[in-house]
Amino acid sequence: MIADLQQAVAHYAHALDELNVPELEAVLTEDTAWTFMMPGQGVLGPVAGRAAVLDFIRDGHTAQTGRVRHHLGNVVVTTTDAATAEVRAYLLQTRNTGESIQMIASGLYTFSLRWSDGRWRIAELALTLDNAL
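Summarised in this report is the structure supplied together with it. (Residues numbered from 1 in each chain as written. Predicted model: local features only at pLDDT ≥ 70, side-chain atom pairs only at ≥ 80, totals over all residues. Heavy atoms only, no water.)

**Focus on the pairing of strand β6 (residues 119-129)**
Here is step 1 of the chain: Two strands pair when backbone bridges link them, and strand β1 (residues 28-38) and β6 are joined in this way by six bridges, in the parallel orientation. Looking at the pairing, phenylalanine 36 lines up with leucine 127 of β6.
Here is step 2 of the chain: In this structure, strand β5 (residues 101-116) lies alongside β6, joined through 10 bridges in antiparallel fashion. Residue pairing across strands places leucine 108 opposite threonine 128, the latter belonging to β6.
Here is step 3 of the chain: The antiparallel hairpin formed by β5 and β6 contains two residues in its connecting segment, where aspartate 117 sits at a positive phi of about 55°. (Pairing = 2+ DSSP bridges. Helix = DSSP H or I, 4+ residues; strand = E, 2+ residues; numbered from the N terminus.)

**Considerations on the environment of phenylalanine 111**
Here is step 1 of the chain: Residue placement: phenylalanine 111 occurs in strand β5.
Here is step 2 of the chain: The buried category is assigned to phenylalanine 111, whose relative accessible area is 0%.
Here is step 3 of the chain: For the pair phenylalanine 111 and leucine 125, spaced 14 residues apart in the sequence, the C-alpha separation amounts to 4.7 Å.
Here is step 4 of the chain: Once residues within four sequence positions are removed from consideration, phenylalanine 111 is found in contact with Val9, Tyr12, Leu72, Ala85, Glu86, Val87, Ala89, Ile122, Glu124 and Leu125. (Buried < 20%, exposed > 50% of the residue type's maximum accessible area, 1.4 Å probe, protein only. Contact = heavy atoms within 4.5 Å.)

**Quick word on the pattern of salt bridges**
Pairing between side chains becomes possible if they bear opposite charge and their charged atoms approach one another.
Here is step 1 of the chain: Applying the stated criterion across every chain yields a total of seven salt bridges.
Here is step 2 of the chain: Arginine 114 is the salt-bridge partner of aspartate 31, the closest N and O atoms lying 3.2 Å from each other. Remark: arginine 114 occurs in strand β5 and aspartate 31 occurs in strand β1; sequence separation between them is 83 residues.
Here is step 3 of the chain: Owing to a relative accessible area of 46%, aspartate 31 belongs among the partly exposed residues under this scheme.
Here is step 4 of the chain: Look at arginine 114 and you get partly exposed, because its relative accessible area is 32%.
Here is step 5 of the chain: For the salt bridge of aspartate 55 with arginine 58, the shortest nitrogen-to-oxygen distance reads 3.2 Å. Remark: arginine 58 and aspartate 55 occur in helix α3 (residues 50-63); sequence separation between them is three residues, near one turn of the helix. (Salt bridge = Lys/Arg side-chain N within 4 Å of Asp/Glu carboxyl O.)

**Digging into the sheet that holds β6**
Here is step 1 of the chain: Read from one edge of the open sheet, six strands run β2-β1-β6-β5-β4-β3, paired in mixed fashion. Looking along the sheet, the strands with just one partner apiece sit at the ends: β2 (42-48) and β3 (67-80). Ignoring which end each strand starts from, the neighbouring axes of this sheet average 20° apart.
Here is step 2 of the chain: Strand contacts of helix α1 (residues 2-18): β1, β3, β4 (84-96), β5 and β6, with the helix running at about 160° to β3, the strand carrying the most contacts.
Here is step 3 of the chain: Of the strands in this sheet, β1, β2 and β6 are in contact with α3, which crosses β1 at around 50°. (Axes fitted to C-alpha atoms, helices over the stretch in contact; angles between N-to-C directions.)

Shown next, in the form of structure tokens:
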């Protein structure tokens, strides 16, 4: 089960970076909610519902320059039962412009996952950034 939860989080990161909408739809619950905490800027969100989250992601991809990657590390399952789980992971976000590679953000993800339709899906995502973007 732990490997399946880690895979769900990894699928999220890969799908996010590639703007793979079908995979993002598959890894998010219909009622997913995302919240972001940024130093000096307070709380953004929640962005509620899969359709709103996908629009939020599309807008983010449109605004970004270079190739952005979400590197997740120290992925740990903190609680779990047969239907729900919590996973925490550190974020290191980079941008490759072709001329340079920059670290643009670091932080802590907390994912609340739910077993749904035969797979683990992200029901809630909270990202606490260490720096303001």
